[in-house]
Amino acid sequence: MNGILIIAPNWIGDAVMTQPLLARLKAQYPDSPIDVLASKWVAPIYRACSEVNEVIEAPFEHKQLQWKLRKQLAKHLQTRNYQACFVLPNSFKSALIPWLANIPLRIGYRGELRYGLINLSLPNPSKVNRPPMALHYLALAELLTDEESVTQAPMPVLQVAETAKQSIEQKLVASGINTHSPSNPLFVFCPGAEYGPTKRWPANYFAQLAQSLTQQNDKAHIILLGGKGDQPIASDIQDSAGNPTRIHNWCGSTSLDEAIALIARANAVVSNDSGLMHIAAALKTPQVAIFGSSDPAHTPPLSEKAKVIWLQLPCSPCHKKVCPLGHLKCLHDIHPQQVLTTLNTL
Ligand code: SF4
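Criteria and thresholds
Residues numbered from 1 in each chain as written. Predicted model: local features only at pLDDT ≥ 70, side-chain atom pairs only at ≥ 80, totals over all residues. Heavy atoms only, no water. Pairing = 2+ DSSP bridges. Helix = DSSP H or I, 4+ residues; strand = E, 2+ residues; numbered from the N terminus. Axes fitted to C-alpha atoms, helices over the stretch in contact; angles between N-to-C directions. Contact = heavy atoms within 4.5 Å. 1 Å grid on protein atoms, 1.4 Å probe; cavity = no way out; pocket = protein on both sides within 12 Å on 5 of 7 lines; lining within 4 Å. Points joined across faces, edges and corners; volume = space filled by probe spheres on them. Nonpolar A, V, L, I, M, F, W, Y, C, P; charged D, E, K, R; others polar. Domains from an automatic or database assignment. Phe/Tyr/Trp six-rings, centres within 6.5 Å; stacked < 30°, edge-to-face > 60°. Buried < 20%, exposed > 50% of the residue type's maximum accessible area, 1.4 Å probe, protein only. Lys NZ or Arg CZ within 6 Å of the ring centre and 35° of its normal. Core = buried A, V, L, I, M, F, W, Y, C linked by side-chain atoms within 4.5 Å. Buried area = accessible area lost by both parts, 1.4 Å probe. Salt bridge = Lys/Arg side-chain N within 4 Å of Asp/Glu carboxyl O.

Student: Looking at this structure, how should I read the sheet that holds strand β4 (residues 84-87)?
Tutor: Strands belonging to one sheet form pairs held by backbone hydrogen bonds; the direction of such a pair is parallel or antiparallel. Pairing is parallel in the open sheet, where 6 strands are placed in the order β3-β2-β1-β4-β5-β6. Edge positions in the sheet fall to β3 (54-57) and β6 (120-122), since each of these pairs with one other strand and no more. Pairwise comparison of adjacent strand axes, ignoring direction, gives a mean angle of 20° for this sheet.

What follows is the structure in structure tokens.
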């Protein structure tokens, strides 16, 4: 094999779950460079994967076909003579570029009517009893080898870029956060979840947890981490918790590369089932992951240092974005004291 291209998924958590596939391909084809075509929002994940030779940022807008631009990019990629392309999203348009670029082996799940575009494929898995995402992606590598399939979900691993580390150190100093001493713990809370409210533990619970941690240790700092869209939730947490010198709202003010460096630097992370949860797992930062309407068997944080809190109610997982029963007990019945107790066991 001489040259592999990966078409990356569009969600951060899914992108993290593809790292075991990259590691497997690197082990199978150590001399073959692996390039990744990724949207600008998941590209930092691949910059943190040691197996990747080059990350190519795709210039496309979300949900747009942009046919002319796709053809131009395919023409450029054709000059690189990739021998195989793994198309990880299930969409029709994600399979167009490798087909237009005449890459001989185009590997993926059958997805949205992609016969012809994909020429080495696996059937789409059933929606009931779905395998863990990491195994789902890894299974595609087995199409190229006779080796036995892996049955246990492998743990993704990310590396932190040196420039992002330095940038985070400067931001910590500028915010008056000295966390180099073990007695000054740094906690990162990730209160967002793009999916919707059924994955978001209530803001007032995050605030109560923050208060408890700062009372427990008067040198602890808590950073609220997330994207711009998480700023209102983080402001609510900060307002309810008070103590702005120890509880810092960084939502929307870090790049994803910096967020990776910050999570690697934290003593512990508390998050919902979100992309940042998977990043914490891949960095082996101790973490508490709170699950509501989703299924931790399908998208668990793959780390020995992770503790999952999931109530496993009879209605759960419902995978709905808004609670169909109107009470959201799967999250409201996880109390801050339970999360604090779990956090203290890490
Ligand atoms: S139906 Fe159950 S699992 Fe779904 S959101 Fe409501 S409480 Fe949570």
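Student: Help me understand the sheet that holds strand β11 (residues 287-290), please; the structure alone is not making it clear to me.
Tutor: In spatial order, the strands read β9-β8-β7-β10-β11-β12; together these 6 strands make up an open sheet with parallel pairing. The open sheet has two free edges, formed respectively by β9 (247-249) and β12 (306-309), since each of these has just one partner strand. Averaged over all adjacent pairs, the angle separating strand axes in this sheet is 15°, with direction ignored. Pairing of β11 with β12, which is carried by 4 bridges, proceeds in the parallel orientation. Bridge pairing in β12 links Gln287 to Ala306. Packed onto the sheet, helix α10 (residues 256-265) meets β7 (186-190), β8 (221-224) and β10 (268-272) and runs at close to 130° relative to β7. Those strands touched by helix α11 (residues 275-283) are β7, β10 and β11, and its axis lies near 150° from that of β11.

Student: What should I look at first to understand empty space enclosed by the protein in this one?
Tutor: It is the rolling of a water-molecule-sized probe over the atoms that shows where space remains empty. One pass over the structure, following the stated rule, counts 1 cavity of 30 Å³ or more. Within this model, the largest cavity holds a volume of roughly 40 Å³. Along the walls of the largest cavity sit Pro44, Arg47, Ala48, Gln159, Val160, Ala161, Ala164, Asp257 and Ile260, which together make up its complete lining. For the lining of the largest cavity, the elements supplying multiple residues, two or more each, are α3 (43-47) and α10. In terms of residue class, the lining of the largest cavity is built from 6 nonpolar, 1 polar and 2 charged. Counting contributing residues per domain, the lining of the largest cavity is built from domain 1 (4-144) and domain 2 (162-344), each supplying no fewer than three.

Student: For this particular structure, what's the right way to read the packing of aromatic side chains?
Tutor: What characterises a pair of aromatic rings is the spacing of the ring centres plus the angle enclosed by the ring planes. Following the criterion strictly, the structure yields 3 aromatic pairs and no others. Between the aromatic rings of Phe189 and Phe206, the centroid separation amounts to 5.6 Å while the plane-to-plane angle is 50°, which identifies the pairing as tilted. Of this pair, Phe189 sits in strand β7 while Phe206 sits in helix α8 (residues 203-216); the two residues are 17 residues apart in sequence, bridging distant segments of the chain. For Phe189, a relative accessible area of 0% gives the class buried. A ring pair is formed by Trp201 and Tyr205, whose centres lie 5.5 Å apart and whose planes are at 70°; its orientation type is edge-to-face. Overall, Trp201 belongs to the buried group, its relative accessible area being 1%. Site record: aromatic cluster; members linked through ring pairs are Phe189, Trp201, Tyr205 and Phe206. Note that Lys199 overlies the ring of Tyr195, its terminal NZ or CZ placed 4.6 Å from the centroid. Its guanidinium or amino end placed over the ring of Tyr195, Lys321 lies 5.1 Å from that ring's centre, counting from NZ or CZ.

Student: Please clarify how the nonpolar core should be interpreted in this entry.
Tutor: One broad rule of soluble globular proteins: the nonpolar side chains tend to lie buried together. If you look at the biggest cluster of nonpolar residues, it comprises 55 residues, and the most contacted ones within it are Tyr46 and Ile279. Of the residues forming this core, the biggest block, 6 residues, is contributed by α10. Split by domain, this core shows at least three residues from each of two domains, domain 1 (4-144) and domain 2 (162-344). Not counting the four nearest positions on each side in its chain, Tyr46 is found in contact with Ala8, Pro9, Ala15, Thr18, Leu22, Val36, Ala38, Val52 and Val55. Ranked by size, the runner-up nonpolar core spans 32 residues in total, among them Ala207, Ala210, Val270 and Leu328.

Student: Where do I start with the domain arrangement of the protein in this structure?
Tutor: Think of interface size as the accessible area that goes away when the parts come together; that is how it is often given. Domain boundaries assigned for the protein yield domain 1 (4-144) and domain 2 (162-344). Of note, the centres of domain 1 and domain 2, computed from C-alpha atoms alone, are 29 Å apart. Contact with domain 1, which involves 15 residues of that partner, is made by 14 residues of domain 2. Summing both sides of the interface, domain 1 and domain 2 together bury roughly 1200 Å²; the carbon and sulfur share of this comes to 73%. Contact with domain 2 buries surface across domain 1, with Met17, Pro44 and Arg130 losing the most and accounting together for 34% of the total. Across the pair Asp257 and Arg47 runs a salt bridge, and its minimum N-O distance is 3.3 Å.

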